[in-house]
Amino acid sequence: MSFSPRGCRAEGPVAGTFAGFLRNEIYCSIRGQMDIQKIIFNPGNERFRKPPGAIKSGEILKLRLYVGIDLEPRSVKVVFRYDRHTQPAVYEMEGTERTSGGQYVAWEGAFPVFDTGLYWYYFIVDTPAGEISFGPEGMGNQRDSWNQGSWQQTVYKRKYDVPQWLQGGVIYQIFVDRFCRSSECQELENRLYIKPTAGSPARKLHWNWSDMPDYKPQNGQIMNNDFFGGDLKGIESKLDYLQDLGVTCLYLSPIFRAYSNHKYDTADYMEIDPLFGTGEDFRELCEKAEEKGIRIILDGVFAHTGSDSVYFDKEERYGDGALHHEDSKYRDWYIFTGTGHGGPGYETWWGISTLPKLNKNNRAFRNFICGPDGVARRWLRAGASGWRLDVADELPSDFLRLLTEAVKEEKPDGLVLGEVWEDASSKEAYGQRKNYFEGDKLDSVTNYPFKNGIIQLVRNGDPGELSEKVSTLCQNYPPEVMNCTMNILDSHDTTRILTALAGEIPPNEGDRDWMASAHLSPEEMERGRNLLKIASAIQMTLPGVPCIYYGDERGMEGYSDPFNRATVNWDNADQNLLEWYKKIISIRKNHQVYVSGKCETVAESAGLYAFRRFFPDNDEPENNQQSGIREALGKTSEAGNRRSVITAANCGQSVESMSLTGRWKDLITGKILTGRTDVLPGEILILEEQPETLGTDIKRTGPRKTSNYCHI
């Protein structure tokens with residue numbers, strides 16, 4: 001690695017770029033206390049690590065470790081391993097001053113880092129009793145102690161700027177077939193018809209918009225071949241509704257020609273599905289949406305196609321497909337295994353025969369997607385503002401680079417966002433570290449970890465997972481990436497959030513008959529509404545960009561696919577919930593801190609979770625290249641310049657208290673709060689620091705949790 005320590009002596013080969021696994025920003029100091037405070041290190045605090053999160057290539061990483069004098073430390077070393085190397089690099093740290101109480105010695109080191117990627121590090125303390133290794137799991141006695149765990153350090157160098165228009169906004173996901181239809185049913189029947197085959201049986205149109213989606217198998221298979229007729233013109237007709245809600249970006253499910261209703265089985269990347277409309281309909285939708293301050297991003301499905309497609313043509317519908325023509329120009333787009341090996345004779349996506357896997361290393365396929373006249377550029381020219389990449393972990397890194405390069409050349413502010421379900425900074429897939437965030441691939445990713453933590457907090461009253469994920473991702477993701485994560489509560493792949501929060505857990509996983517008959521009772525609906533208010537307030541105020549799954553704001557419920565893909569009832573909405581969403585989105589859009597402000601957990605106990613969004617004293621919004629974002633989102637109110645806003649949610653069974661210094665305004669109720677403030681069970685507060693108290697904190701009056709901003 002390009003890694004030059006200052007004031008430290010190196011031992012062994014220089015190895016890598018560090019990225020340690022931060023379990024919790026206070027974990028090590030707490031663990032240190034359990035070990036009678038022998039060694040203290042808190043990577044989430046600038047006193048110990050500066051800067052505390054991901055760093056840019058060429059920046060200097062400063063580490064400070066406090067070691068108890070009763071250990072009689074003779075030396076302290078930090079061990080780094082660059083993720084692309086196998087051998088670690090060991091550097092001696094320099095002992096500096098004692099703490100004011102005289103019980104600890106500070107050991108320090110400064111390390112300029114250049115190579116992008118991940119580094120992992122831990123410490124070794126040499127004492128008369130032997131060497132002690134120290135990592136996230138605490139203290140050990142092994143020199144080469146990777147099994148003790150290591151902290152992650154992400155190093156990046158952005159080649160492209162992340163889109164400013166997305167930051168601070170609100171995304172709205174639309175499953176096109178189920179959102180709104182604009183055409184008469186007979187016309188839709190005509191547009192829907194394709195010749196049935198054995199592998200692609202006749203498709204069905206629900207004339208009744210309020211029907212339940214078909215969920216029973218046909219000949220043992222789920223075909224997803226029932227349709228409701230939602231289309232692009234239908235979306236266009238609801239742009240005023242979406243603008244009034246506060247949406248700034250529409251994320252559309254796949255819109256290209258395909259056999260199924262979900263369209264993840266692409267038949268032709270170059271054509272809008274006839275049921276959805278035409279290319280001209282799409283261009284007009286993009287134009288009308290942009291007039292209302294709304295961008296549109298598309299779902300890019302590039303890991304597989306449909307078997308009933310121009311390219312594969314299993315049903316022999318198109319004439320030159322890869323399956324039946326060895327001389328087809330598409331033949332090498334796929335990986336054929338031969339019929340003697342069992343299965344369909346070709347590689348599939350997760351064993352689904354209707355989704356043949358694409359060979360992403362094939363030059364012709366890459367040019368078809370990423371070339372000068374390829375798919376990526378074609379639909380940007382038509383008006384799209386970017387791509388959400390389906391199953392991004394199945395796309396090779398060099399393919400992602402080519403795709404991102406094509407998008408940025410065509411539209412410099414185009415978005416490239418990957419679907420990733422885990423901590424994407426350290427994601428591994430197919431034996432390869434993905435390194436999404438080095439700066440030449442993804443702008444950002446979907447944020448499932450926050451979703452899981454929010455549900456665990458709001459439904460079960462346990463703040464631990466959310467606190468950990470907020471701390472971990474804010475440490476591991478570059479801030480530009482974190483500001484653009486797609487923060488979901490649900491999607492077309494998950495149970496709807498209202499059901500996830502208040503619904504009964506299915507007695508048998510995958511029991512579709514049970515899920516079809518299950519609906520929230522009036523009592524469950526009332527409870528779910530209140531819980532969703534808490535969940536959505538947290539979603540809207542955490543780092544990243546919240547994404548609303550269509551209809552959640554209207555009270556739609558449903559278990560997993562296809563029950564989470566019902567049609568929107570445009571004649572009836574939960575008005576209480578809808579008005580809540582408008583209010584909470586307005587709060588978000590009127591506070592600049594939600595664009596790029598820092599985030600830290602300030603309280604976590606017995607069902608209470610609170611976090612603060614703020615700009616550090618030396619990091620004014622205008623110094624952070626936010627003027628373009630301000631212009632894109634519209635003028636913020638005077639409140640947009642205020643520094644700290646705290647979200648506090650009590651999802652437990654008892655009253656929890658915070659002690660506030662100064663005056664704080666609850667943006668939900670308008671009340672001014674000061675001093676000891678009770679947070680009742682089921683209550684959510686969004687507290688804005690008032691002008692006369694700027695620079696003050698929430699008072700810490702006790703020994704626990706988790707910083708200098710509150711006492712609980």
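Residues numbered from 1 in each chain as written. Predicted model: local features only at pLDDT ≥ 70, side-chain atom pairs only at ≥ 80, totals over all residues. Heavy atoms only, no water.

Draft legend 1. Structural view of the overall build of the protein. Each helix and strand counted, the protein has 17 helices and 35 strands in total. Across the 712 residues in the protein, those meeting the buried criterion constitute 61%. As displayed, the protein has an accessible area near 27300 Å², and 46% of this comes from carbon and sulfur atoms. (Helix = DSSP H or I, 4+ residues; strand = E, 2+ residues; numbered from the N terminus. Buried < 20%, exposed > 50% of the residue type's maximum accessible area, 1.4 Å probe, protein only. Areas by Shrake-Rupley, 256 points an atom, 1.4 Å probe, with all protein chains shown as cover.)

Draft legend 2. Representation of the pattern of salt bridges. Following the criterion strictly, the structure yields 45 salt bridges and no others. For the salt bridge of lysine 233 with glutamate 236, the shortest nitrogen-to-oxygen distance reads 3.5 Å. Here lysine 233 pairs with glutamate 236, and both are found in helix 3 (residues 232-237), just three residues apart, close to one helical turn. Given a relative accessible area of 15%, glutamate 236 falls into the buried group. Notably, a salt bridge pairs aspartate 552 with arginine 496, separated by 2.7 Å at the nearest N-O pair. Highlighted residues: aspartate 552 in the loop between strand 29 (545-549) and helix 15 (575-589) and arginine 496 in the loop between strand 28 (486-488) and helix 12 (497-502), separated in sequence by 56 residues. (Salt bridge = Lys/Arg side-chain N within 4 Å of Asp/Glu carboxyl O.)

Draft legend 3. Expanded view of the sheet that holds strand 24 (residues 415-418). With parallel pairing, eight strands are arranged side by side around a closed barrel as 14-17-20-23-24-27-28-29. Direction aside, the axes of adjacent strands within the sheet are offset by 25° on average. Direction of pairing for strand 27 (residues 444-447) relative to strand 28: parallel, over a ladder of two bridges. Considered in strand 28, the bridge of threonine 446 is made with methionine 486. Contacts from helix 14 (residues 522-541) reach strand 28 and strand 29, with the element oriented near 140° to strand 29. (Pairing = 2+ DSSP bridges. Axes fitted to C-alpha atoms, helices over the stretch in contact; angles between N-to-C directions. Contact = heavy atoms within 4.5 Å.)

Draft legend 4. Inspection of the packing of helix 9 (residues 448-460) against helix 14 at higher detail. The N-to-C vectors of helix 9 and helix 14 enclose an angle of 140°; their axes lie 10 Å apart at closest approach. The orientation of helix 9 with respect to helix 14, classified from their angle, is oblique. The crossing of helix 9 and helix 14 is right-handed. Facing helix 9, whose interface residues are Ile454, Leu457, Val458 and Arg459, helix 14 presents Arg527, Leu531, Ile534, Ala535, Ile538 and Gln539. (Parallel < 35°, antiparallel > 145°, perpendicular 65-115°, else oblique. Left-handed = near helix turned anticlockwise from the far one by under 90°.)

Draft legend 5. Broad picture of the pairing of strand 14 (residues 171-174). Burial of the side chains of strand 14 extends over both faces: Ile171 and Gln173 are buried on one face and Tyr172 and Ile174 on the other. Pairing between strand 14 and strand 17 (residues 249-252): four bridges, direction parallel. Looking across to strand 17, one finds that glutamine 173 is bridged to tyrosine 251. Two strands pair when backbone bridges link them, and strand 14 and strand 29 are joined in this way by three bridges, in the parallel orientation. Considered in strand 29, the bridge of isoleucine 171 is made with cysteine 547.

Draft legend 6. How the structure looks around the pairing of strand 20 (residues 295-300). Among the six residues of strand 20, six are classified as buried, and the element is accordingly described as predominantly covered. In the sheet, strand 17 pairs with strand 20 via three bridges, with the strands oriented parallel. From the neighbouring strand, cysteine 249 faces strand 20, where its bridge partner is arginine 295. Across four bridges, the pairing between strand 20 and strand 23 (residues 386-389) is parallel. Among the inter-strand pairings, isoleucine 297 is bridged to a residue of strand 23, identified as glycine 386.

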